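Each chain, written out:
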Amino acid sequence: MSANREKDSQGNQDRQEKEQPRRRQARGERRIAQLLEAAATVFSTTGYTAASTNAIAREAGVSPGTLYQFFPNKEAIAIELGDRLMHELREMYGEALAPVDPATPLNEAVGAAVDRFIAFNCAHPVFFALMHGPDIPGRMAEEHDALHATLLSRIEGLLLSFLPDADPAVLARTAHMCLGLYKAGLELVLAHEGAERDAYVQELKNALIRYLDPLVGDNLGQGEAARTAT
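The paragraphs below set out a description of the structure included in this document. Each chain carries its own residue numbering, running from 1 in the written order of its sequence. Only residues with pLDDT of 70 or above have their local features reported here, since the model is predicted, and side-chain atom pairs are shown and tallied only from 80 upward, although totals for entire chains, interfaces and linings are computed over all residues. Just so you know, side-chain values use all the structure's heavy atoms and leave hydrogens and water out.

1. Observations concerning the overall build of the protein chain
Runs of E in the DSSP output that reach at least two residues are strands. Runs of H or I that reach at least four are helices, and both are numbered from the N terminus. What the protein chain contains, in helices and strands, is 10 helices and zero strands. Secondary structure elements of the protein chain, listed N to C terminal, follow the sequence α-α-α-α-α-α-α-α-α-α. Each residue is placed in one exposure class: buried if its accessible area under a 1.4 Å probe, protein chains only, is under 20% of its type's maximum, exposed if it is over 50%, and partly exposed if it falls in between. Looking at the protein chain as a whole, 36% of its 230 residues qualify as buried. Residue contacts are counted whenever heavy atoms from the two residues lie within 4.5 Å of one another. For the protein chain, restricting intrachain contacts to residue pairs at least 6 apart in sequence, the fraction spanning at least 24 positions comes to 72%.

Here it is as structure tokens:
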């Protein structure tokens, strides 16, 4: 009996020793999430340059010393936050900019893509504040350039759904114009709230549709019918 109790005691001790690192890791991950959420608020409110680690710690409700246990400076915080948001955005635009059925109406195709991107940016306003500010950290700028290139490629893929015979140069130019229009409209969307924000979202969709409409017809199905007729 004594031997069994010793085995049980040793087994419990082993389990506790294994669980302690996991609990510490979980607490650390929660603290990092708390700090990143606070940083998102501070960066969105003051901009990256004016933000400070003290302000982020204060927003998180922790001491600066606690913050420095996880991040050496605000640049490291911004990079970690940016990496996570860019990963989420990549997953999202893979679906939002997937090729569509050629019979899909143009306004439906544009509206669906815009809605997904607007939802992301409204849920994470710090993404726009970091990625489009004049003082973006160097590594984030490189990551953003790569993201921008991939995004343009995805837009070209979507455009190919209803412009299958387009010259590559025309397709690339059209993709750049679409992304440029979206970015300009996004700034206006994020500057407003409620019904006024909804109105700007609709204006952004209208601008994109009016730009693309002469290229593809009133809708994708009509464009396909016209090509068939000729």
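2. Some details on the packing of aromatic side chains
For Phe, Tyr and Trp, where Trp contributes only its six-membered ring, two rings pair if their centres lie within 6.5 Å, and the inter-plane angle classes them as stacked under 30 degrees, edge-to-face over 60, or tilted in between. Under the criterion given, the structure shown has three aromatic pairs. When the ring of Phe120 is compared with that of Phe127, the centres are 5.5 Å apart and the planes differ by 80 degrees; the resulting orientation is edge-to-face. Phe120 gets classed as buried once you look at its relative accessible area, which sits at 5%.

3. Some thoughts on empty space enclosed by the protein
Buried and open spaces are told apart on a 1 Å grid over the protein atoms alone, a cavity being a set of points where a 1.4 Å probe fits but cannot get out and a pocket being an open set with protein on both sides within 12 Å along at least five of seven lines. Residues with an atom within 4 Å of a point are the lining residues. Grid points are joined across faces, edges and corners, and a volume is the space filled by probe spheres set on the points. Enumeration according to the criterion identifies one cavity of 30 Å³ or more in this entry. Of the voids in this model, the largest cavity is the one considered here, and its volume is about 420 Å³. Taken together, 25 residues make up the lining of the largest cavity; nearest its centre are Leu97, Phe117, Ile155, Leu179 and Tyr182. Looking at the lining of the largest cavity element by element, the count peaks at seven residues for helix 7 (residues 138–160). Under the grouping applied here, Gly and all other residues not named as nonpolar or charged are polar, the nonpolar ones being Ala, Val, Leu, Ile, Met, Phe, Trp, Tyr, Cys and Pro and the charged ones Asp, Glu, Lys and Arg. Class assignment of the residues belonging to the lining of the largest cavity gives a composition of 20 nonpolar, four polar and one charged.

4. Things to note about the packing of helix 5 (residues 106–123) against helix 8 (residues 168–190)
Orientation is described by lines fitted to C-alpha atoms, with helices fitted over the stretch in contact, and by angles between N-to-C directions that extend from 0 to 180 degrees. With their axes 11 Å apart at the nearest point, helix 5 and helix 8 run at an angle of 45 degrees to one another. Judged by the inter-axis angle, helix 5 sits oblique to helix 8. As helix 5 runs across helix 8, the sense of the crossing is right-handed. In this structure, helix 5 uses Phe117, Ile118, Asn121 and Cys122 to contact helix 8, whose residues at the interface are Tyr182, Leu186, Val189 and Leu190. For the contact of helix 5 with helix 8, the per-class residue count stands at seven nonpolar, one polar and no charged. Relative orientations are named as follows: roughly parallel for angles under 35 degrees, roughly antiparallel for angles over 145 degrees, roughly perpendicular for angles from 65 to 115 degrees, and oblique for any other angle. By convention, the crossing between two helices is left-handed when the near helix turns anticlockwise from the far helix through less than a right angle, and right-handed when the turn is clockwise.

5. Describing the pattern of salt bridges
Every case where a carboxyl oxygen of Asp or Glu lies within 4 Å of a side-chain nitrogen of Lys or Arg is listed as a salt bridge. Within this structure, the stated rule accounts for three salt bridges. As a salt-bridge pair, Arg84 and Glu80 come within 2.7 Å of each other at their nearest N and O atoms. One end of the pair, Arg84, and the other, Glu80, are both in helix 4 (residues 74–96), four residues apart, so they sit about a helical turn from each other. A salt bridge links Arg90 to Glu143; its shortest N-O distance comes to 3.7 Å. Residue Arg90 is located in helix 4, and its partner Glu143 is located in helix 7; the two are separated by 53 residues in the primary sequence. For Arg90, a relative accessible area of 32% corresponds to the partly exposed category.

6. A word on the packing of helix 4 against helix 5
For any two helices packed against each other, one specifies the crossing angle of their axes together with the interaxial distance. Look at helix 4 against helix 5: their axes get within 10 Å of each other, and the N-to-C directions meet at 165 degrees. One element, helix 4, and the other, helix 5, form an angle in the roughly antiparallel class. In this structure, the crossing between helix 4 and helix 5 has a hand that is right-handed. Side by side, helix 4 and helix 5 meet where Leu85, Glu88, Leu89, Met92, Tyr93, Glu95 and Ala96 of the first sit next to Ala113, Arg116, Phe117 and Phe120 of the second. Grouping the amino acids of the contact of helix 4 with helix 5 by side-chain chemistry returns eight nonpolar, no polar and three charged.

Any link to function would need more than the numbers given here.
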